[in-house]
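# Summary of structural features
Residue strings, one per chain:
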Amino acid sequence: MDPRPLSRRSFLGLAAGTAASVALASCGSSGPSDTGGGGGDGGAAAGAATYWFLTGAPGEQIRQGSVDRFNQANPDAKITATTFQNDAYKTKIKTAIGAGQAPTIIWGWGGGGLRSYVQANQVEDLTSWFAENAAVKDRLFPSSFGAATIDGKIYAMPAETVQPIVLFYNKQVFDKVGAQPPQSWGDIMSLVPKFNDAGVAPISLGGQSRWTNMMWLEFLFDRIGGTEVFQAVFDGEKDAWSNPASIEGLTKAQELIKANGFVKGFSSITADSNADQALLYTGKAAMMLHGTWTYGSMSEEGGDFVSGGNLGWMNFPAVEGGKGDPTNTVGNPGQYLSISSKATDAEKETAKKFFSTAVLSDAEVKEWTDAGAVPIVKGTDSQLGASKDAEFLKFVYDVSSNAKVFAQSWDQALSPTAAEKLLDNIAKLFQLSITPQQFATSMNQVIGQ
Amino acid sequence: MYRSRRSQLIGIAYLAPALVFVLAFTAYPLVQMVWMSFHNWSLITPAKYVGLDNYKRAFADDQFWVSFAFTLKYTAIITPVLIVGGYLLALLTSESSRLRRITRTTVFIPVVIGLGVSSLLWYWLFSADFGLVNKALADLGLISKPVLWLGVDAGRSNLAITASVVWKVIGFGMILFVGAIQAIPREITEASLVDGASYRQRVTRVILPLTLRTVLLVTLVSVIGSLLAFDQFYIMTAGQPQNETATSVFYVYLNSFPYLKLGYGAALSMILALTILVFTVVQLLLTRRSHA
């Protein structure tokens with residue numbers, strides 16, 4: 001379950017993708033297929049490795065650039081790259097791993113997907129390698145390792161960029177109503193009637209996509225009970241959803257819904273169409289909790305909304321009396337590179353050399369920051385000043401690097417089955433058709449699955 | 001003997017490309033799907049044989065029945081609209097004149113648009129805050145506040161999506177009906193005119209009986225299409241509210257891809273395929289009878 005790239009998919013891609021899904025769903029997909037262009041070891045040196053990753057600008061060019069630089073520096077142990085479109089990749093990589101034909105380097109999202117590879121003994125344990133190569137580990141955001149760590153062991157090299165979820169607001173709407181950005185959960189609740197009286201929806205939400213609702217729960221849980229509340233679910237503790245902090249978070253979300261905090265009919269709005277962002281930049285809604293990836297589309301589609309300085313942003317505020325650290329954040333703490341346990345020793349060595357010398361090298365870091373993204377490397381904030389979006393990028397850098405814990409989105413952290421059950425229950429919770437207790441009971445049943 | 005074997009071989013050689021294509025892209029996947037439906041398979045771990053468990057689970061799965069019932073309901077609503085509407089349009093435009101040709105083309109244009117594209121288009125038209133549908137209804141004084149078309153109420157979502165699909169595919173049936181009506185021999189039409197038949201009598205006694213086969217064909221195609229509906233629901237409601245608008249194929253998709261239960265998804269596909277087979281056989285039997 002990875003809804004993020006979907007939200008940026010063009011409608012043509014969506015049409016093609018759904019057509020392919022129909023074809024697959026109605027005819028049944030074929031069994032394990034060959035690795036396509038992945039096998040680059042024919043006739044090459046013993047240490048030659050393979051690497052599969054995603055297409056799409058700007059990431060594809062940047063990833064390829066790192067591979068090219070590595071190959072130039074290591075003519076004896078080249079890496080052959082094969083690229084895939086997002087949705088095709090998800091099926092392809094699982095098929096290849098299941099058939100024992102995985103590439104040496106496996107690109108992924110960490111969390112629940114990585115856990116399933118670990119359970120099938122398909123990826124290398126990198127814990128001792130990181131201990132020996134402390135320099136590689138120490139230059140990255142410590143928070144990026146959370147989603148790479150399964151049961152205390154590191155199974156992936158964090159890579160690429162951060163995408164935290166932040167609270168956006170429309171400064172013009174706040175000025176019109178004479179309101180100040182909220183400093184606490186209480187502020188949000190008292191802003192709700194103010195905006196409703198002024199005929200503006202307090203909060204935009206693309207509720208039909210469900211993971212959008214989930215972001216509110218992620219922050220409420222964290223601010224009320226700290227990161228250990230969801231960690232207990234992730235670790236498979238029995239009845240973890242019945243934690244009092246969890247019940248309080250679910251209750252507060254329903255209080256906000258009952259107070260008409262979210263735009264009327266939010267469950268008819270999809271995030272894939274960017275309709276939730278449109279509500280914010282057209283001034284029909286005052287606030288929106290969303291990933292930093294929406295900044296780009298609001299800049300493009302919102303006219304002079306962003307360039308005119310009307311978009312405000314902040315980290316999610318504290319909840320009164322909550323135990324959680326308000327510097328914590330949630331979202332995509334990075335992307336993840338694992339090494340196939342089926343690779344030969346020479347291939348594994350090449351992959352490790354690639355991790356320590358090429359991944360997030362100075363040249364790659366510069367390419368990411370030039371593309372308007374914040375890489376997971378400490379100290380890049382000085383390079384962000386040149387961008388036209390310097391102020392926002394600096395904020396993203398600060399939120400991500402100061403976060404004591406950068407939690408992974410729940411649907412990514414859990415197994416696909418548990419994630420789907422979670423999204424179903426979240427939809428029901430937000431439609432007020434189940435109580436917080438019913439939510440907890442239902443979700444407790446899939447803990448550890 | 002020799003010659004006939006030789007000509008047989010030549011025949012097979014000519015057939016080979018098509019045969020290979022069908023074997024590779026229809027027969028093999030179908031066999032593979034049957035195999036998958038007897039296994040539990042998440043791609044990563046090897047498939048595990050579970051016998052008929054997936055099928056037993058399907059029959060006890062509430063969501064499967066909700067989806068199935070919803071798909072039948074959708075099919076039952078949209079099919080008559082497409083057939084009757086398409087036929088009426090065909091009667092109006094079957095004789096060629098400039099205006100009729102323009103009308104025919106206009107109605108047919110949406111057919112060539114991708115379903116994904118048209119669904120996204122209608123998603124925005126039905127948007128509560130930005131949509132032209134609500135704007136038009138409000139300006140006409142039919143509604144006083146915006147209607148939440150999609151994803152909130154299953155019945156209303158179904159209505160909205162049905163409207164968008166009718167716009168999209170009604171031209172397909174119309175074109176086939178126009179072709180069938182134009183193929184009616186002139187002598188028959190002239191004979192009925194000489195006998196003093198009124199227009200209504202000509203439609204019900206001459207045109208309709210002589211185009212019945214096409215009507216049944218279009219019904220068959222449209223029923224199968226509706227039973228396999230996916231794109232429009234995936235894009236416009238994503239199954240919301242609470243998977244009440246999740247069609248059968250959508251549920252197959254959910255199981256096969258997001259949940260990665262490939263075996264279960266395959267079993268659901270098999271059940272769906274058999275259901276469609278039953279509909280097809282019934283309709284084909286009807287077609288044969290009408291022909292005899």
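Residues numbered from 1 in each chain as written. Chains lettered and ligands numbered in written order. Predicted model: local features only at pLDDT ≥ 70, side-chain atom pairs only at ≥ 80, totals over all residues. Heavy atoms only, no water.

### What to know about the overall build of chain A
Looking only at helices and strands, one finds 20 helices and 14 strands in chain A. The buried share of chain A, reckoned over its 449 residues, is 59%. For chain A, the proportion of contacts with a sequence separation of at least 24, taken over those separated by at least 6, is 77%. Summed over all atoms, the accessible surface of chain A reaches about 16,500 Å², with 50% contributed by carbon and sulfur. (Helix = DSSP H or I, 4+ residues; strand = E, 2+ residues; numbered from the N terminus. Buried < 20%, exposed > 50% of the residue type's maximum accessible area, 1.4 Å probe, protein only. Contact = heavy atoms within 4.5 Å. Areas by Shrake-Rupley, 256 points an atom, 1.4 Å probe, with all protein chains shown as cover.)

### Brief notes about the pairing of strand S1 (residues 49-54) of chain A
Residue and element names in this part refer to chain A. Most of S1 is tucked away: six of the six residues are buried. Handedness of the crossover joining S1 and strand S2 (residues 79-84) through helix H3 (residues 59-73) is recorded here as right-handed. When S1 meets strand S3 (residues 105-108), the two strands line up parallel, connected through two bridges. From the neighbouring strand, Tyr-51 faces S3, where its bridge partner is Ile-105. (Right-handed = clockwise from strand over helix to strand, strands pointing away. Pairing = 2+ DSSP bridges.)

### Observations regarding empty space enclosed by the protein
Under the defined criterion, the tally for this structure stands at three cavities of 30 Å³ or more. Approximately 100 Å³ is the volume attributed to the largest cavity. For the largest cavity, the full set of lining residues is A:Ser268, A:Ile269, A:Ala275, A:Leu279, B:Tyr123, B:Phe126, B:Ser127, B:Ala128, B:Asp129, B:Phe130, B:Trp149 and B:Leu150. Considered class by class, the residues forming the lining of the largest cavity number nine nonpolar, two polar and one charged. (1 Å grid on protein atoms, 1.4 Å probe; cavity = no way out; pocket = protein on both sides within 12 Å on 5 of 7 lines; lining within 4 Å. Points joined across faces, edges and corners; volume = space filled by probe spheres on them. Nonpolar A, V, L, I, M, F, W, Y, C, P; charged D, E, K, R; others polar.)

### A look at the domain arrangement of chain B
Assigned domains of chain B: these are domain 1 (1-27) and domain 2 (57-291). The centre of domain 1 of chain B, based on its C-alpha atoms, is set 38 Å off from the matching centre of domain 2 of chain B. (Domains from an automatic or database assignment.)

### Description of the sheet that holds strand S12 (residues 335-339) of chain A
All names here are of chain A. Across the sheet, five strands lie side by side as S2-S1-S3-S12-S6; this open sheet has mixed pairing. With partners counted over all chains shown, the strands left at the sheet margins are S2 and strand S6 (157-159), one partner each. Put simply, the sheet's adjacent strands are angled 25° from each other on average, direction ignored. In this fold helix H4 (residues 86-98) packs onto S1, S2 and S3, with an angle of close to 145° to the strand it touches most, S1. (Axes fitted to C-alpha atoms, helices over the stretch in contact; angles between N-to-C directions.)

### Section: the pairing of strand S7 (residues 161-170) of chain A
On any regular strand, side chains alternate: one points to one face of the sheet, the next to the other face. Residues and elements named next belong to chain A. Burial within S7 is extensive, with 10 of its 10 residues counted as buried. Both faces of S7 are covered, namely the face carrying Thr-161, Gln-163, Ile-165, Leu-167 and Tyr-169 and the face carrying Val-162, Pro-164, Val-166, Phe-168 and Asn-170. Pairing of S7 with strand S13 (residues 374-375) involves two bridges; the strand directions are antiparallel. Across the sheet, Thr-161 pairs through a bridge with Pro-375, a residue of S13. Of the pairings in the sheet, the one linking S7 to strand S11 (residues 329-332) comprises two bridges and is antiparallel in character. The partner of Gln-163 across the bridge, within S11, is Asn-332. As paired strands, S7 and strand S9 (residues 285-291) are joined by five bridges and run antiparallel to one another. Paired with Leu-167 across the strands is Leu-289, a residue of S9. Relative to strand S10 (residues 311-314), S7 is paired through four bridges, and the arrangement is antiparallel. In the strand pairing of S10, Phe-168 is matched with Trp-313.

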